[in-house]
Amino acid sequence: MNRDKIDHIRNEYCGMELRKKDMHSNPIHQFNTWLHQAIECQVPEPTAMTLATISPEGIIGARIVLLKEITDNGFIFYTNYQSTKGRSLDFHNQAALVFFWKEMERQVRIHGKVEKVDSEKSMQYFQSRPRESQIGAWCSPQSQEIESREVLETQLKEMTNRFLNTERLPLPPYWGGYSVIPDEMEFWQGRPSRLHDRIRYKMNNGQWKLSRLAP
């Protein structure tokens, strides 16, 4: 693409003011407020988040995953533990998340330690998914090279037949949830003249400390 066609693309942000005094003392509670507002505003895919991890080779990888639960301690998503992100998290149990709700001119950045959720919780979520998605989890050797699309189609047929008379599919042994337990969170609100509001929460001796950052 010609450089001139992208370097002049600009949008003026006109979001509402973000003030420390209006923020909840707990960033997870503040996040819940913003998420519910995004849902009410019918933001497309409000639970979509960028997940960044570090591989054993020190390579940073990022991809979009879906947030499935918020607890008092963290943010839960589910995946194949043998995938690229799963192997990266086994090696380096730190990750970053980014939510971007462009319709509301808002962004949330999260960093923290990652822990696997227990298998019972993973089972409960897995069996709540559509049956087709459950079978899909059994079919796909996620992140591994395959010769063609037909490999997946064949696996789909085999697994569909395998579980034809099984009412509740078992949890694949390589599949489950992760919880990102934050030690730092930043709330960003777009403002005019690129003077955006940024409020950061940082864990310090077991307490959240709030500060304002320059845009």
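Whatever comes next refers back to the structure up there.
Residues numbered from 1 in each chain as written. Predicted model: local features only at pLDDT ≥ 70, side-chain atom pairs only at ≥ 80, totals over all residues. Heavy atoms only, no water.

I keep staring at the environment of Asn-73 and nothing clicks. Help me out?
In this structure, Asn-73 sits in the loop between strand S3 (69-70) and strand S4 (75-80). A relative accessible area of 55% places Asn-73 in the exposed class. Note: C-alpha distance between Asn-73 and Ser-179 (106 residues apart in sequence) is 8.3 Å. Setting aside its immediate chain neighbours within four residues, Asn-73 contacts Ile-28, Val-180, Ile-181 and Pro-182. (Helix = DSSP H or I, 4+ residues; strand = E, 2+ residues; numbered from the N terminus. Buried < 20%, exposed > 50% of the residue type's maximum accessible area, 1.4 Å probe, protein only. Contact = heavy atoms within 4.5 Å.)

Explain the nonpolar core here, please?
Generally speaking, a soluble globular protein has its nonpolar side chains buried in company with each other. Formed by 30 residues in total, the largest nonpolar core has its most connected members in Phe-31, Trp-101, Val-108 and Phe-187. Going through the elements one at a time, helix H1 (27-40), strand S1 (48-54), S4, strand S5 (94-101), strand S6 (106-116), strand S7 (175-189) and strand S8 (197-204) are the ones with two or more residues in this core. With 5 residues, H1 is the single largest residue contributor to this core. Apart from the residues within four sequence positions on either side, Phe-31 is in contact with Leu-67, Ile-70, Phe-75, Phe-99, Trp-101, Val-108, Met-185 and Phe-187. Ile-76, Val-117, Phe-126 and Leu-171 belong to the second-largest nonpolar core, a separate cluster that totals 15 residues. (Core = buried A, V, L, I, M, F, W, Y, C linked by side-chain atoms within 4.5 Å.)

Whenever I open this one, helix H4 (residues 131-139) confuses me. Can you help?
Each turn of an α-helix holds 3.6 residues, which means side chains three or four residues apart point in the same direction. Of the residues making up H4, those classed as buried are Gln-134, Ile-135, Ala-137, Trp-138 and Cys-139. Taken together, the buried residues of H4 touch helix H3 (119-128), helix H5 (149-162) and S7.

Got a minute to help me understand the side chain of Lys-85 in this structure?
By the secondary structure assignment, Lys-85 is in helix H2 (residues 84-91). This buried residue, Lys-85, is left without a salt bridge; Asp-90 holds the nearest opposite charge, at 12 Å. Leaving out residues up to four positions away in the same chain, Lys-85 has contacts with Leu-51, Thr-53, Arg-63, Val-65, Thr-79 and Gln-142. (Lys, Arg positive; Asp, Glu negative; His and termini not counted. Salt bridge = Lys/Arg side-chain N within 4 Å of Asp/Glu carboxyl O.)

What is the right way to read the pairing of S4 from this model?
Strand residues, when the strand is regular, have side chains that alternate between the two faces of the sheet. The buried fraction of S4 amounts to 6 of the 6 residues, a majority that puts the element mostly inside the structure. Where S3 and S4 come together, 2 bridges link them in antiparallel fashion. Within S4, the position partnered with Glu-69 by the bridge is Ile-76. Hairpin connection from S3 to S4: 4 residues lie between these consecutive antiparallel strands. By the bridge criterion, 6 bridges tie S4 to S7 in an arrangement that is antiparallel. Counted as the bridge partner of Phe-77 is Tyr-178 from S7. (Pairing = 2+ DSSP bridges.)

For this particular structure, what's the right way to read the pattern of salt bridges?
Opposite charge on two side chains lets them pair, provided their charged atoms get close. Evaluation of the coordinates by the stated rule reveals 10 salt bridges. When the shortest N-O distance is used, the salt bridge between Lys-121 and Glu-69 registers 2.9 Å. Here Lys-121 is found in helix H3, whereas its partner Glu-69 is found in strand S3, with 52 residues between them in sequence. In this structure Lys-121 comes out as partly exposed when scored by relative accessible area, which is 25%. Here Glu-153 makes a salt bridge to Arg-149, at a shortest N to O gap of 3.1 Å. Here Glu-153 and its partner Arg-149 are both found in helix H5, 4 residues apart, which amounts to about one turn of the helix. By relative accessible area, which is 35% here, Glu-153 ends up partly exposed. By relative accessible area, which is 56% here, Arg-149 ends up exposed.

When you look at the packing of H4 against H5 in this model, what are you seeing that I'm missing?
Between two packed helices, what matters for the description is the angle formed by their axes and the separation of those axes. Running from N to C, H4 and H5 point in directions that differ by 120°, and their axes come no closer than 9 Å. On the basis of the axis angle, H4 is oblique to H5. The two elements H4 and H5 cross, and the hand of that crossing is right-handed. Together, Ile-135, Trp-138 and Cys-139 of H4 and Leu-152, Gln-155, Leu-156, Met-159, Thr-160 and Arg-162 of H5 make up the contact between the two elements. Residues that form the contact of H4 with H5 fall into these classes: 6 nonpolar, 2 polar and 1 charged. (Axes fitted to C-alpha atoms, helices over the stretch in contact; angles between N-to-C directions. Parallel < 35°, antiparallel > 145°, perpendicular 65-115°, else oblique. Left-handed = near helix turned anticlockwise from the far one by under 90°. Nonpolar A, V, L, I, M, F, W, Y, C, P; charged D, E, K, R; others polar.)

Looking at this model, I keep getting lost on the packing of aromatic side chains. Mind explaining?
Any aromatic ring pair is given by two values, namely how distant the centres are and how the planes are angled relative to each other. The final tally for this structure, using the stated rule, is 15 aromatic pairs. Ring centres of Trp-34 and Phe-187 lie 5.2 Å apart, and the angle between their planes is 90°; on these two criteria the pair is classed as edge-to-face. Of the two residues, Trp-34 sits in helix H1 while Phe-187 sits in strand S7, which places them 153 residues apart along the sequence. The same class applies to Trp-34 and to Phe-187, which are both buried. Ring centres 5.7 Å apart and planes at 10° place the aromatic pair Tyr-78 and Trp-175 in the stacked group. Here the residue Tyr-78 occupies a position in strand S4, and Trp-175 occupies one in strand S7, the gap between them amounting to 97 residues. You'll find Tyr-78 and Trp-175 in the same group, each marked buried. Site record: aromatic cluster; members linked through ring pairs are Phe-31, Phe-75, Phe-99 and Trp-101. Across the ring face of Trp-34, the terminal group of Arg-106 is positioned such that the distance to the ring centre comes to 4.1 Å. Taking the ring centre of Trp-138 as reference, the NZ or CZ of Arg-162 above it sits at 5.0 Å. (Phe/Tyr/Trp six-rings, centres within 6.5 Å; stacked < 30°, edge-to-face > 60°. Lys NZ or Arg CZ within 6 Å of the ring centre and 35° of its normal.)

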